[in-house]
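Commentary on secondary and tertiary structure
Here is what each chain is made of, one letter per residue.
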Amino acid sequence: MLAGGLSHERDVSLRSGRRVAEALRGSGVEVEERDVDAGLLASLREDRPDCVLPLLHGESGEDGAVREVLELVDVPYVGSRPTACRSAFDKPVAKAVVGRAGLRTPAGVALPHQTFRELGAAPVMAAILDSLGLPLIVKPTRGGSALGCTAVRDAAGLAGAMVSAFAYGDTALVERLVAGREVAVPVVDTGDGPRALPVVEIDPDGGVYDYAARYTAGSTRFEVPATLSDDLAAECARVAVVAHETLGLRDVSRSDLIVDDGGTVWFLEVNVAPGMTETSTVPLSVAAAGLDLGGLVADLVRTAVDRPRPERS
Ligand SMILES: Nc1ncnc2c1ncn2[C@@H]1O[C@H](COP(=O)(O)OP(=O)(O)OP(=O)(O)O)[C@@H](O)[C@H]1O
Ligand SMILES: [Mg+2]
């Protein structure tokens with residue numbers, strides 16, 4: 001189990017890792033937990049695990065870097081391959097890819113900090129407001145856990161929101177804010193094709209699903225299955241599976257979507273190492289599907305161990 005790392009989501013990753021390690025042990029799997037540090041490669045070479053579970057959130061865990069290294073040392077691992085991770089982790093890239101596959105994703109623009117310096121922040125922000133209108137949401141293109149993510153409801157709020165996003169990365173994504181019900185849809189594939197697990201509806205107390213609402217027990221209500229009509233729930237499941245397939249993802253993913261009041265399903269983003277903490281949505285969905293978390297992850301591990309490794313050739 002790889003958990004920790006140096007991203008802003010280190011703590012979340014450690015909690016995810018601990019939970020899944022416990023669940024796996026409950027299913028009779030021998031698990032060792034390792035952080036990502038200078039001792040990792042030596043330990044992978046010497047101990048040669050049968051399989052690695054990278055439960056690293058944020059950069060390096062989700063952008064494919066650590067998985068590149070796992071392929072270098074030829075160790076089987078659960079999850080998507082590096083190239084697919086790179087596209088999925090970069091929100092504007094993922095939006096473009098799923099958009100071409102016919103999914104709806106909020107209109108937006110991705111701009112590096114440099115553009116604001118070169119062209120002047122005021123005219124660039126005026127152009128954004130002219131084109132996209134209000135309300136908006138601003139977030140780092142390669143972020144997680146809603147860190148650096150701010151809703152903008154009046155023009156005066158845009159500058160501060162840009163600064164917050166740039167605190168977490170060089171490029172910010174400014175997107176139209178979609179009002180509606182937020183849902184998360186896990187997709188798993190234990191060898192017979194990707195299938196969506198029950199849709200989880202997210203209803204944060206303060207109305208905003210920010211870092212505190214994510215990781216403070218009791219501060220967000222979850223409905224599993226979601227209080228959507230069967231048709232809408234099926235559409236959310238379809239969107240999540242299409243996102244998983246078009247981005248070339250493997251084993252497990254979680255798509256974050258918004259269902260607006262008109263019944264349109266909007267793709268926000270997809271995660272290749274979804275959170276597995278006590279307050280995360282994937283474990284809730286797994287339970288609602290009548291599955292045991294340890295048993296499901298053990299199946300994913302077996303699938304990873306058994307598959308021919310293209311990375312070998
Ligand atoms: N276009 C949008 N319209 C409305 N709300 C949005 C939009 N984009 C993001 N949000 C809100 O901001 C939150 C964080 O956004 P998003 O899921 O894209 O980023 P993230 O930080 O990568 O999150 P995660 O922890 O799920 O990886 C969402 O859960 C949602 O509540
Ligand atoms: Mg998200």
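Residues numbered from 1 in each chain as written. Chains lettered and ligands numbered in written order. Predicted model: local features only at pLDDT ≥ 70, side-chain atom pairs only at ≥ 80, totals over all residues. Heavy atoms only, no water.

This part covers the packing of aromatic side chains. Note on aromatic pairs: each is described by the distance of the centres and the angle between the planes. Following the criterion strictly, the structure yields two aromatic pairs and no others. Both rings, one in Phe116 and one in Phe166, keep their centres 5.6 Å apart while their planes meet at 75 degrees; by these two values the pair is edge-to-face. Of this pair, Phe116 sits in helix α6 (residues 113–119) while Phe166 sits in helix α8 (residues 158–166), and the two are 50 residues apart along the sequence. Both residues of the pair, Phe116 and Phe166, belong to the buried class. A ring pair is formed by Tyr211 and Tyr215, whose centres lie 5.0 Å apart and whose planes are at 65 degrees; its orientation type is edge-to-face. In this pair, Tyr211 and Tyr215 both sit in helix α9 (residues 211–215), four residues apart, roughly one turn of the helix. Of the residues examined, Tyr211 reaches a relative accessible area of 28% and is grouped as partly exposed. Classification of Tyr215 as buried rests on a relative accessible area of 17%. In this structure, Arg214 packs its charged tip against the face of Tyr209, placed 4.1 Å from the ring centre. Positioned above the aromatic ring of Tyr77 is the side chain of Arg250, whose terminal nitrogen or guanidinium carbon lies 5.1 Å from the ring centre. (Phe/Tyr/Trp six-rings, centres within 6.5 Å; stacked < 30°, edge-to-face > 60°. Helix = DSSP H or I, 4+ residues; strand = E, 2+ residues; numbered from the N terminus. Buried < 20%, exposed > 50% of the residue type's maximum accessible area, 1.4 Å probe, protein only. Lys NZ or Arg CZ within 6 Å of the ring centre and 35° of its normal.)

The protein atoms that coordinate the magnesium ion (ligand 2) are Asp256 (OD) and Glu269 (OE), at distances spanning 1.9 to 2.0 Å. Residue Asp256 is found in strand β9 (residues 252–260), and its partner Glu269 is found in strand β10 (residues 265–271); the two are separated by 13 residues along the sequence. When sorted by exposure, Asp256 lands in the same class as Glu269, which is buried. (Donors = N, O, S within 2.8 Å, 3.2 Å for Na, K, Ca; no water.)

Time to look at the sheet that holds strand β3 (residues 150–152). Taken in spatial order, the four strands line up as β1-β4-β2-β3 in an open sheet, and their pairing is antiparallel. At either end of the open sheet lies a strand with only one pairing partner, and these are β1 (108–112) and β3. The sheet shows a mean angle of 25 degrees between the axes of neighbouring strands, taken without regard to direction. When β1 meets strand β4 (residues 171–176), the two strands line up antiparallel, connected through five bridges. Looking at β4, one finds that Gly108 is bridged to Glu175. (Pairing = 2+ DSSP bridges. Axes fitted to C-alpha atoms, helices over the stretch in contact; angles between N-to-C directions.)

Moving on: the packing of helix α3 (residues 65–72) against helix α4 (residues 82–89). Put simply, α3 and α4 touch, their axes get as near as 8 Å, and they point 180 degrees apart. When the axes of α3 and α4 are compared, the pair comes out roughly antiparallel. Contacts between α3 and α4 pair Arg67, Glu68 and Glu71 from the former with Pro82, Cys85 and Arg86 from the latter. Here the residues of the contact of α3 with α4 sort into two nonpolar, no polar and four charged. (Parallel < 35°, antiparallel > 145°, perpendicular 65-115°, else oblique. Contact = heavy atoms within 4.5 Å. Nonpolar A, V, L, I, M, F, W, Y, C, P; charged D, E, K, R; others polar.)

Quick look at the domain arrangement of the chain now. Size of an interface, as often reported, equals the accessible area lost when the parts are brought together. Here the domain parsing of the chain yields domain 1 (10–85), domain 2 (108–176) and domain 3 (178–290 + 298–306). A separation of 22 Å is found between the C-alpha centroids of domain 1 and domain 3. Taken together, the contact pairs 24 residues of domain 1 with 21 residues of domain 3. Buried area between domain 1 and domain 3, summed over both chains or domains, comes out near 1900 Å², and the portion from carbon and sulfur atoms is 61%. Along the contact surface separating domain 1 from domain 3 lie one salt bridge. Taking the shortest distance from any N to any O, the salt bridge between Glu278 and Arg19 comes out at 3.8 Å. At the junction of domain 1 and domain 3, the tally comes to eight residue pairs in polar contact (both at pLDDT 80 or more). Per-class residue counts for the side of domain 1 that touches domain 3 are 14 nonpolar, four polar and six charged. (Domains from an automatic or database assignment. Buried area = accessible area lost by both parts, 1.4 Å probe. Salt bridge = Lys/Arg side-chain N within 4 Å of Asp/Glu carboxyl O. Polar contact = N/O pair within 3.5 Å; in protein donor to acceptor, adjacent residues only side chain to side chain.)

Between two packed helices, both the angle of their axes relative to each other and the distance between the axes serve to describe the pair. Axis separation between helix α1 (residues 10–26) and helix α12 (residues 293–306) bottoms out at 7 Å; the angle between their running directions is 90 degrees. It follows from the interaxial angle that α1 and α12 lie roughly perpendicular. For the pair α1 and α12, contact is made by Arg19, Val20, Ala23 and Leu24 and by Leu293, Gly294, Val297 and Ala298, respectively. Residues of the contact of α1 with α12, tallied by class, amount to six nonpolar, one polar and one charged.

Moving on to the site of ligand 1. Near ligand 1 you find 22 residues, and of these Lys91, Lys139, Ser145, Ala146 and Glu182 are the closest. With respect to ligand 1, the side chain of Lys91 contributes an N or O atom lying 2.7 Å from an oxygen atom. Contacts to ligand 1 include Glu182, whose side-chain N or O atom sits 2.4 Å from an oxygen atom. Within the complex, 92% of the 600 Å² of free accessible area of ligand 1 lies under protein. Sorting the residues of the shell around ligand 1 by element identifies β2 (136–140), β4, β9 and β10 as the ones contributing at least two each. Split into classes, the residues belonging to the shell around ligand 1 amount to nine nonpolar, four polar and nine charged. (Near = heavy atom within 4 Å. Areas by Shrake-Rupley, 256 points an atom, 1.4 Å probe, with all protein chains shown as cover.)

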